[in-house]
Each structure stands twice: as C-alpha cells, then as structure tokens.
Amino acid sequence: MKKGIIILFAATLGLAACNNYKKGEGDLQYKILKDEGKEKIKEGDFVKLNGIQTVESNTNADSTLVNTYDNERPAFFPISKSMFKGDLVSALKMLGEGDSASFKLNLDSMAKYSGQPKPAGLKTNYATFTVKIEKVLHKTANEADSTFEKKKRDFFESEYKGLIAKNKANEASKIKKYIDDNKLEVKSTASGLQYIIEKPGNAERAALTDTVMVDYTGQFTNKKGDGKINVFDTSNEKIAKEAGIHSPMAQYTARPLVLNQLAPGFIEGVQLIGVCGKVKIIIPSKLGYGENGGGPINPFTPLVFDIEIKSIKKGSAAPVAAQPMMPTPAQ
C-alpha cells in the first residue's frame, strides 16, 4: 500500500477534557468515546478509519494537520509492529470495528521514529488523534501472507469503488448545495460550467497557446468541520494561512499558466474574462479531474475556483489537447 494512502489523523478535545484521559503504555493518553464490543484490532490486520489530527499552538488555537472528513476520503491503515510504546499502532489496538477514541501521542517520540520533524511553535508536546474505526479486515491465525494480501487488495478496491459510486451519485447535489448555501446567481455554459463574472476586464481574451498570469483560489464545495471554506490551493498568502495550507516553500503571487495545459473547465472559465477580470467558476468533474480524480482530488469531485487575470502573454505554438490539469492542490 502506498504511503500516500496511509494517512494518520488526530484531534484535540480542549484543556477542559485533558483530565478525562487515561494513562496508556509509554506516554500514550487515551479516551474511549465508543466501544461496540467487537474483536479488537491486532497486528497484521487492515483497517479503514476516519479521523482528525490536531496540535495545540502557542496561540492556544488548535491547528488541524489532517482531517479525513474534510477530504471526504477515509484512510486505509495496515497494522504493523509498533515503532515505540504508545505509538498510533498501540492506540489502534485498543479499538475494534465501530469504535471511536481520542489519543494523545508524544511528538518527540513520533519525530524520533518517523524521521519527520515535529511542528514548531507548539504549546504542548502532544498531538491529538481522534479516530473512528469504520471497518476492520482481520488476518486469521496461520493465514498465508499472500492470501491476506489479496484480501487486502480486494477489500480496498471494493471500498474505493463504493466511494466512487457515492461521489458520482452526490455530485449534482453538492453543486446545488454550494450554490444555494452561498446564495449565488450563476449562469451556465453549454458544457455545464457554472460561473459568475464579478468583473469582465478588458476586451482581450486568452487563446489556447497563451500564458495567463492569474491569481486564484481553488476550493471544494463542502466546508471544513470548523465552518471555513475548504481551500486546497491558492496563490494568496493570506487565504493560505487562514485555510491552514500555508507553505514557506510556496511563492504567493500571481502564477503563469499555459492555457492549453489546463482542464477544460478552467480554460473555459479563463476565457470568459479579460485582463483585470474576475470570475468564480464551478467546475463539474467531467470538466476537471473526472472519474479518476488526481492527488487529493477524489473521483467525481466538483471544484470551485476564484480567478483574476493579471496579464496575458501571447503564445505561438500550435494548441494541444487539454489535459485534466489545474493548479496543483496541496498534498
């Protein structure tokens, strides 16, 4: 299983709840929120779970590192040997299918054994993981590794097909809910792109071979658990910080995009306005990442972009077929 699929999660329940945690092995602290009484997870099992990971910063605010509910993508987690006493594997072994719990894990130990530095500016030395165990594929005693590996693949493929089917069925309602919740008066193109021109800009329109310098923000139609817009990429540093996706490596400025290298929906949206124009576009998946998705974008996922064209640089190369690419979402 690829590391990108195996995501770890966590969430804090606040200072008032700290005394309710019990002492586990090592530095682990735990609170069982729901116990269905089913067989507990053991080494070798394969788990589907949802969860949230947070840390508490010096500003007393919780910083969410990962939230599978916001991403609408559960994690698939193979239960291997524990790296240290009180790690996430140790915590998950306390749970069974349908159970949920909150765990506090020592960040120094996590950094030591994972090789990844812990976040800076933290108030405590713990990350909080709140997880719900959706399903457990148990490895039976004396079961051959090759047999169980096939079961894992079949399990994952079945669950992923279910996710795709659900997304496909819900896509139209997601778009409608986003429009209704934000009280938008949209127009539609023949292709199915929905848009609002906030400022038309000048009369110039970008051709497929042109490079457009744009400021943009891309978001999912669903809001985050904290009620904020669910931004996955932006050229605006302030928005990136507010959305919790700020990266010191990124350059927050208007970005050059070659039009014919982008997805059909993004191309169509850009061509609705001229220089200094602004447009909000709602891209159905058939004009975006489609039935396969890409990176953190799930299959059949509609996307929303706010775009402002700063300039257009004319190109001379022959246009090529548009690829399902857009500004790269943060991983």
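Here, every reference points to the structure presented above.
Now for a quick tour of the structure. Not measured: the values here are computed from a predicted model. (Residues numbered from 1 in each chain as written. Predicted model: local features only at pLDDT ≥ 70, side-chain atom pairs only at ≥ 80, totals over all residues. Heavy atoms only, no water.)

### Re the overall build of the protein chain
Reasoning step 1: A tally of regular secondary structure across the protein chain gives 6 helices and 14 strands.
Reasoning step 2: Residues classed as buried in the protein chain amount to 45% of the 331 residues present.
Reasoning step 3: Within the protein chain, contacts between residues separated by at least 24 positions form 72% of all contacts whose residues are at least 6 apart in sequence. (Helix = DSSP H or I, 4+ residues; strand = E, 2+ residues; numbered from the N terminus. Buried < 20%, exposed > 50% of the residue type's maximum accessible area, 1.4 Å probe, protein only. Contact = heavy atoms within 4.5 Å.)

### Let's talk about the pairing of strand β10 (residues 211-220)
Working note: regular strand, side chains alternate between the two faces of the sheet.
Reasoning step 1: Of all 10 residues in β10, 7 are buried, a share of seventy percent or more.
Reasoning step 2: Relative to strand β12 (residues 255-258), β10 runs antiparallel, the two being bridged by 4 bridges. The partner of V214 across the bridge, within β12, is R255.
Reasoning step 3: Note: β10 against strand β11 (residues 231-234), 3 bridges, orientation antiparallel. Bridged to Q219 within β11 is V231. (Pairing = 2+ DSSP bridges.)

### Things to note about empty space enclosed by the protein
Reasoning step 1: Scanning all chains against the criterion turns up 2 cavities of 30 Å³ or more.
Reasoning step 2: Roughly 50 Å³ of volume is contained in the largest cavity.
Reasoning step 3: Lining the largest cavity are D70, N71, E72, N167, K174, F220, N222, P296, N298 and T301.
Reasoning step 4: At the level of elements, α1 (68-71) and α4 (145-181) are the ones that each hand at least two residues to the lining of the largest cavity.
Reasoning step 5: In terms of residue class, the lining of the largest cavity is made up of 2 nonpolar, 5 polar and 3 charged. (1 Å grid on protein atoms, 1.4 Å probe; cavity = no way out; pocket = protein on both sides within 12 Å on 5 of 7 lines; lining within 4 Å. Points joined across faces, edges and corners; volume = space filled by probe spheres on them. Nonpolar A, V, L, I, M, F, W, Y, C, P; charged D, E, K, R; others polar.)

### Quick word on the packing of aromatic side chains
Reasoning step 1: Counted according to the given criterion, the structure contains 10 aromatic pairs.
Reasoning step 2: In textbook terms, an aromatic cluster arises when at least three aromatic residues are bridged by ring pairs, as seen for F46, F76, F155, F156 and Y160.
Reasoning step 3: The aromatic ring of Y21 is capped on one face by K104, whose charged end is 4.9 Å from the ring centroid. (Phe/Tyr/Trp six-rings, centres within 6.5 Å; stacked < 30°, edge-to-face > 60°. Lys NZ or Arg CZ within 6 Å of the ring centre and 35° of its normal.)

### Details of the nonpolar core
Reasoning step 1: Core analysis: the biggest nonpolar cluster contains 28 residues, and V212, V270, I281, F305 and I307 have the highest contact counts within it.
Reasoning step 2: Going through the elements one at a time, β10, α6 (264-270), β13 (278-283) and β14 (303-313) are the ones with two or more residues in this core.
Reasoning step 3: Per element, the largest residue contribution to this core is 5 residues, and it comes from β14.
Reasoning step 4: In terms of nonpolar packing, the next biggest core, distinct from the first, is built from 26 residues, L28, F84, L95 and A101 among them. (Core = buried A, V, L, I, M, F, W, Y, C linked by side-chain atoms within 4.5 Å.)

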